[in-house]
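Secondary and tertiary structure notes
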Amino acid sequence: MHAALGTGLGLLLPDAARAQGADAANARPQDGDRLVYADGDRKGAVIKLDDLKVGGPPVTAMPQDAATGTVRDGSRLNQILLVRLDPSRLQVDTQARAVQGVVAYSAVCTHAGCDGFAWTADKQTYKCPCHDSEFDPADAAKIIGGPATRRLPALPLKSAEGQLLVAGTFTSRVGVISN
Ligand code: FES
């Protein structure tokens, strides 16, 4: 009886662990998560505050569970846009979520869900490649052009030992809200 139970658990535990890993990878960014590069040569490497230069260019990040090392890349809705701006340009509520001018937003457009935003260096804005919605990261991703009607959700940040960390959850639901 015991032997049979033991065998059953032995078969179940890897599945349970796999399910837990999948849950962690799909979960939205959480307080204490690290941020890692989402793509490029440094994909998976932890992003440090000093990696980001004032005025851009932005970096696309994914959250990483600091306890287990699981990168939360199970959902494209977890992509995060990071950019470092002159702190004096940040509006009050944006300043409260920033670390030394670094601000974070969802990288998925609220209009129809595209990603791959372009950075407009002269205006310091994000521009969606699909229908040209434009967002101001210095002012809580205020919409300054295009068809989007909802700002990009913001993600509060903090830092420790030179690393950027997530300080809370997105300020609103990421992606497209249909009703
Ligand atoms: S999906 Fe971004 S403007 Fe339409």
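No experiment lies behind these values; they were computed from the predicted model shown.

Moving on: the overall build of the protein. Secondary structure summary: the protein contains two helices and ten strands in total. Reading the secondary structure of the protein in the N-to-C direction produces α-β-β-β-α-β-β-β-β-β-β-β. In the protein, buried positions account for 32% of the 179 residues. Counting contacts in the protein only where the partners sit at least 6 residues apart, residues at least 24 apart contribute 54% of the total.

Time to look at the environment of Gly 56. Turning to its location among the elements, Gly 56 is positioned in the loop between β1 (34-37) and β2 (59-64). What makes Gly 56 partly exposed here is the crowd of 17 C-beta atoms within 10 Å. For the pair formed by Gly 56 and Leu 82, sequence separation is 26 residues and the distance between their alpha carbons is 8.9 Å. If we ignore the near neighbours within four places in the chain, the residues touching Gly 56 are Val 83, Trp 119 and Ala 121.

This paragraph deals with the nonpolar core. Within the largest apolar cluster, 38 residues are counted, with the highest numbers of intra-cluster contacts made by Ala 61, Ile 80, Leu 81, Leu 82 and Ala 104. For Ala 104, the residues in contact, after removing those within four places along its chain, are Ile 80, Leu 81, Leu 82, Ala 154, Leu 155 and Leu 157.

To continue, consider the pairing of strand β4 (residues 102-106). For β4, a buried count of five out of five residues is recorded, marking the element as mostly surrounded by other parts of the structure. As judged from the five bridges shared by strand β3 (residues 80-84) and β4, these two strands associate in the antiparallel manner. Paired with Arg 84 across the two strands is Val 102, which belongs to β4.

Spatially, the four strands line up as an open sheet ordered β5-β6-β7-β8, and their pairing is antiparallel. Of all strands in the sheet, those bounded by a partner on one side alone are β5 (118-120) and β8 (142-145). Neighbour to neighbour, the strand axes of the sheet diverge by 35° on average, direction disregarded.

Turning our eyes to something else, we now look at the confidence of the model for the protein. Across the protein, the average pLDDT comes to 92, with 92% of residues at 70 or higher. With pLDDT under 50 throughout, residues 1-10 is counted as low confidence; its partners more than four residues away or in other chains account for zero contacts.

With an omega of 5°, the peptide bond between Gly 56 and Pro 57 qualifies as cis. Of note in this structure, Ala 140 is not a glycine but carries a positive phi near 55°. C-beta crowding within 10 Å serves as the criterion here: with 20 such atoms nearby, Ala 140 is assigned to the buried category. Positive phi values are uncommon outside glycine, yet Ala 141 reaches one of about 55°. C-beta crowding within 10 Å serves as the criterion here: with 25 such atoms nearby, Ala 141 is assigned to the buried category.

In this structure, Arg 150 sits in the loop between β8 and β9 (157-160). Judged by local crowding, Arg 150 falls into the partly exposed class, with 15 C-beta atoms found within 10 Å. Taking the C-alpha atoms as reference points, Arg 150 and Ala 16, 134 residues apart in sequence, are found 38 Å from one another. If we ignore the near neighbours within four places in the chain, the residues touching Arg 150 are Thr 110 and Ile 177.

Calculation criteria
Residues numbered from 1 in each chain as written. Predicted model: local features only at pLDDT ≥ 70, side-chain atom pairs only at ≥ 80, totals over all residues. Helix = DSSP H or I, 4+ residues; strand = E, 2+ residues; numbered from the N terminus. Buried ≥ 20, exposed ≤ 12 C-beta atoms within 10 Å, placed from the backbone. Contact = placed C-beta atoms within 7 Å. Core = buried A, V, L, I, M, F, W, Y, C linked by C-beta atoms within 7 Å. Pairing = 2+ DSSP bridges. Axes fitted to C-alpha atoms, helices over the stretch in contact; angles between N-to-C directions. pLDDT = per-residue confidence, 0-100.

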